[in-house]
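Listed below are the residues making up each chain.
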Amino acid sequence: MAFQGDFFQLLKEQGYQFELTSPKFGENGHASHPPLTQGTTVLAVKYRDGVLVAGDRRATAGNMVMYDRTDKVLEIDRYCVMAIAGVPATAFEMARVLEHSFKYYRRSQLQDLSFEGKLRALSKLLKENAPAALAGTGAVVPVFAGYDLQQGCGKVYFHDILGAEFEGVDHAVSGSGSPTIRGILHYINRWSGQPLARLPEEEATIIILRLLTSAAEFDSATGGVNVEANLYPTVKRITEKGVETIPADHLKTLYASKVAQYV
Amino acid sequence: MYDEPYRWVEAVGNRRQYLDDQFRQGSPLVAVSYVDGIVLLTTSHGTPKLYEIYDRIALGGMGHPADLEKLRFAILDMAHTEGFQRSPGDVTGARLIKYGLAPAIKQAFEEIYKAPYITKLLLAELGNLPNQDRFFTIDYDGTFEEHDDMAVLGAASHIEDTMRAYLKTHVTPSAATLQAVLEVAVRTWALGALSQSHDNEQSESSSSDSKETESNKKDSFSEEQILEHLQTGLKEKTLECVVLDRQAPGSSKYRTINQQEILSLLPLLNKTTN
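Below you will find a few notes about this structure. (Residues numbered from 1 in each chain as written. Chains lettered and ligands numbered in written order. Predicted model: local features only at pLDDT ≥ 70, side-chain atom pairs only at ≥ 80, totals over all residues.)

## What to know about the overall build of chain B
Spelled out, the test is: Per the convention used, a helix needs a DSSP run of H or I reaching at least four residues, while a strand needs a run of E reaching at least two, with both numbered from the N terminus. Here exposure depends only on C-beta density: within 10 Å of a residue's C-beta, 20 or more other C-beta atoms make it buried, 12 or fewer make it exposed, and intermediate numbers make it partly exposed, the C-beta atoms being placed from the backbone.
Within chain B one finds eight helices and ten strands. Counting over 274 residues, chain B shows a buried share of 41%.

Laid out in structure tokens, this is it:
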């Protein structure tokens, strides 16, 4: 299948099965499975130079905190990022498939996959995953953000579990904590005096830290910031230079001076 | 008629002769490691001859473009499924060559009812340090060799020997910069191309008096001759150059050096274009 540069098809031909589903689960139409690891708040915000993508670090299974250092903002290639909400087992696998798919396409076809092509690849995986998502064993609702080099601008998208993609004009959110911050984002964008898209990086980062702290306040599955454990969210910036991670030390300073004092 | 053993040997012999002829006009290929990476260099007429295979692996080839593409796709499939199913660290040049390409090429070469691959390949694998860089070359019959520091492809083995000897005397991979290594690489390419055209002239003239003399193969040329051949060679062909850059951010280390960058790194070429 190299002639079409389709890595996912190549994997399937070699007997790879993407979907994580078992007939035992969800047979009678309701969740009959043990608690799954999930829970999150992730968001992507367009700012002056591109896009900032952020996520808390907590993974939960039912009432239990599974892990407090998860990285949910996954770098797929130099210009795009997938922030995951939902079942990590499936989401990490999706990220791996996408990462290899984009590389494989570039190396076999000798050109980069377009931003639309990348989005489509993610939608295809989500569609493929639909049975598992409906059975309750593998729902993933990602936020996909990147810098479109052809158009020279940042872009953000959010998805539903079946693979429909929606473009966020200014921002996109996902995960159990997202209802809390969606309204705040809308409010800030419209009435704070300056739309998000015009903010410099530092101001946008402060807003993101405040939003994640708010999400953690109302959603037990969102980790927020834990100063004692030196745990800060993951924040990545995507500009025409590519994807870069904002160092935790910088977040620490911003949090101490601009977030904690108001809490 | 090939079912008798000696006929088969004869057929394979003919095939060797046929294949040797196919590479006479080909462009030699040079790969050398330097402090910050590996350089691969050749010339082409539009169709590229240097390719990215995996995060730290690059491929170059001589021969028929369609065969090259077929083998390139085979090795891409192997590398990417391995990198996905296991991990990128498990994708190694040695495995791709020894268990992947070499058996396929050998089989095609020896199945005398089918067409062989008209290709010679060179695989460069970037290590974390210059002394961990590896090079693999594989001939049209599936014979492969592993090299440290540098490797070359040329129309015949004696040409490759000449090129390698020239490279060895002019480069110290553990200390060389990109610019220094590029200059020697481009001269080595010209030396290879010069030796090939010398060979071709010899065989044309000797075919008339039907006595081929080994002594006609000339292995040493002066720097002026090399430079002159470089200038004439680059009038018809474009220099193609890629690096595996040890310092590149991210997992993919492959980078194409564009024409502008080549000219700024190689002042000796500016003289040729003026």
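Next comes the rest of the write-up.
## Describing the overall build of chain A
Note the threshold: Taken over C-alpha atoms, the radius of gyration is set against a globule rule of 2.2 Å times the number of residues to the power 0.38. The contact criterion used here is simple: two residues whose C-beta atoms, placed from the backbone, lie within 7 Å are in contact.
Looking only at helices and strands, chain A features seven helices and 13 strands. Computed over C-alpha atoms, the radius of gyration of chain A comes to 18 Å, within 12% of the 18 Å expected from 2.2 N^0.38 for 263 residues, which places it in the range of a compact globule. Expressed as a percentage of the 263 residues in chain A, the buried residues total 49%. Looking at chain A alone, contacts between residues at least 24 apart form 67% of all its contacts between residues at least 6 apart.

## Section: the interface of chain A and chain B
Many descriptions give the size of an interface as the accessible area lost when the pieces come together. Our working definition: Three classes are used: nonpolar for Ala, Val, Leu, Ile, Met, Phe, Trp, Tyr, Cys and Pro, charged for Asp, Glu, Lys and Arg, and polar for all others, with Gly counted as polar.
Contact residues are listed per partner, giving twelve residues for chain A and eleven residues for chain B. Elements with a contribution of two residues or more to the side of chain A that touches chain B: α1 (7-13) and α2 (88-109) of chain A. Looking at which element gives the most residues to the side of chain A that touches chain B, the answer is α2(A), with six residues. For the side of chain A that touches chain B, a count of residues per class yields five nonpolar, three polar and four charged.

## Regarding helix α7 (residues 248-259) of chain A
All names here are of chain A. To be explicit about the condition: What the arc describes is the spread of directions from the helix axis to the C-beta atoms.
Those residues of α7 lying buried are Leu 251, Leu 254 and Tyr 255. Each buried residue of α7 lies within a common arc of 105 degrees when the element is viewed along its axis, so the set occupies one face. Exposed and oriented more than 90 degrees from the buried face of α7 are Asp 249, Thr 253, Ala 256 and Ser 257. Turning to α7, the residues buried within the fold contact α6 (201-218) and β12 (234-239).

## Points about the packing of helix α5 (residues 178-191) of chain A against α6(A)
All names here are of chain A. Formally: In this description, a line fitted to the C-alpha atoms serves as the axis of each element, helices being fitted only across the stretch in contact, and the angle between N-to-C directions of two axes falls anywhere from 0 to 180 degrees. Take the far helix as your reference; a near helix turned counterclockwise from it by less than a right angle gives a left-handed crossing, and one turned clockwise gives a right-handed crossing.
α6 packs onto α5 with a crossing angle of 145 degrees between their chain directions and a minimal axis gap of 9 Å. At the point where α5 passes α6, the crossing takes the right-handed sense. Residues Thr 180, Ile 181, Ile 184, Leu 185 and Ile 188 of α5 touch α6, and the partners they reach there are Ile 207, Leu 211, Ser 214, Ala 215 and Phe 218. Looking at side-chain class alone, the contact of α5 with α6 contains eight nonpolar, two polar and no charged residues.

## Points about the nonpolar core
Keep this limit in mind: By convention in this section, buried Ala, Val, Leu, Ile, Met, Phe, Trp, Tyr and Cys residues joined through C-beta atoms within 7 Å make up a nonpolar core.
By size, the foremost hydrophobic cluster in this structure holds 144 residues, and its most contacted members are A:Leu43, A:Val81, A:Ile208, B:Ala31, B:Val39 and B:Ala58. Per element, the largest residue contribution to this core is ten residues, and it comes from helix α5 (residues 178-208) of chain B. When residues no more than four places from it in sequence are discounted, the contact partners of A:Ile208 are A:Leu43, A:Val45, A:Leu52, A:Ala54 and A:Val235.

## Quick notes on the packing of α2(A) against helix α2 (residues 65-85) of chain B
Rule in force here: Working definition: roughly parallel below 35 degrees, roughly antiparallel above 145 degrees, roughly perpendicular at 65 to 115 degrees, and oblique for all remaining angles.
Relative to each other, α2(A) and α2(B) sit at 165 degrees, their axes nearing to 11 Å. As far as their axial angle goes, α2(B) and α2(A) are roughly antiparallel. As α2(A) runs across α2(B), the sense of the crossing is right-handed. Of the residues in α2(B), those touching α2(A) at A:Arg96, A:His100, A:Tyr104, A:Arg107 and A:Ser108 are B:Phe73, B:Leu76, B:His80, B:Gly83 and B:Phe84.

## Here's the deal with α2(B)
Definition in use: How far a helix is expected to stretch is found by multiplying one less than its residue total by 1.5 Å.
Its 21 residues give α2(B) an end-to-end C-alpha distance of 30 Å, which sits within 8% of 30 Å, the value for a rise of 1.5 Å per residue. Every buried residue of α2(B) is accounted for by B:Asp67, B:Leu68, B:Leu71, B:Arg72, B:Ile75, B:Leu76, B:Ala79, B:His80, B:Gly83 and B:Phe84. In this fold, the buried residues of α2(B) make contact with α1 and α2 of chain A together with β3 (50-54), β4 (57-63), α3 (93-110) and β5 (119-125) of chain B.

## Quick notes on the environment of B:Leu121
Residues and elements named next belong to chain B. Relative to the helices and strands, Leu 121 resides in strand β5. Under the C-beta neighbour-count criterion, Leu 121 is labelled buried, with 27 such atoms within 10 Å. As for Leu 121 and Asp 139, which are separated by 18 residues in sequence, their C-alpha atoms are 6.7 Å apart. Apart from the residues lying within four places of it in its own chain, the contact partners of Leu 121 are Leu 59, Gly 61, Leu 71, Leu 101 and Ile 138.

## Concerning the sheet that holds strand β8 (residues 143-148) of chain A
Residue and element names in this part refer to chain A. The cut-off we apply is this: Two strands pair if DSSP finds at least two bridges between them.
Spatially, β6-β7-β8-β9-β10 is the arrangement adopted by the five strands of the open sheet, whose pairing is antiparallel. At either margin of the open sheet sits one strand with a lone partner, and together these are β6 (73-77) and β10 (165-168). Pairwise comparison of adjacent strand axes, ignoring direction, gives a mean angle of 25 degrees for this sheet. Pairing of β6 with strand β7 (residues 80-83) involves four bridges; the strand directions are antiparallel. Directly across from Asp 77, in β7, lies its bridge partner Cys 80. In the packing of helix α3 (residues 115-128) onto the sheet, the strands contacted are β7, β8, β9 (153-159) and β10, and the crossing angle to β8 comes to about 165 degrees.

## Quick look at the pairing of strand β3 (residues 50-55) of chain A
Residues and elements named next belong to chain A. The buried count for β3 comes to six of six residues, which makes it a mostly enclosed element. Bridging between strand β2 (residues 42-47) and β3 involves six bridges; their strand directions are antiparallel. Across the sheet, residue Lys 46 finds its bridge partner in β3, namely Val 51. Here β2 hands over to β3 after two residues, the two strands then running antiparallel side by side. In the sheet, β3 pairs with β12 via five bridges, with the strands oriented antiparallel. Note that in β12 the partner of Leu 52 across the bridge is Arg 237.

## Looking at the sheet that holds strand β1 (residues 29-34) of chain B
All names here are of chain B. Pairing is antiparallel across the open sheet formed by five strands, whose spatial order is β8-β1-β2-β9-β10. The open sheet has two edge strands, β8 (150-153) and β10 (254-256), and neither has a second partner. Geometrically, the sheet is characterised by an average inter-axis angle of 15 degrees between neighbouring strands, direction not taken into account. Summarising the sheet, strand β2 (residues 37-44) and strand β9 (residues 238-245) pair through eight bridges and their orientation is antiparallel. The residue bridging Ile 38 from the neighbouring strand is Leu 244, located in β9. Along the sheet, helix α4 (residues 157-170) contacts β1 and β8; its crossing angle with β8, the most-contacted strand, is approximately 150 degrees.

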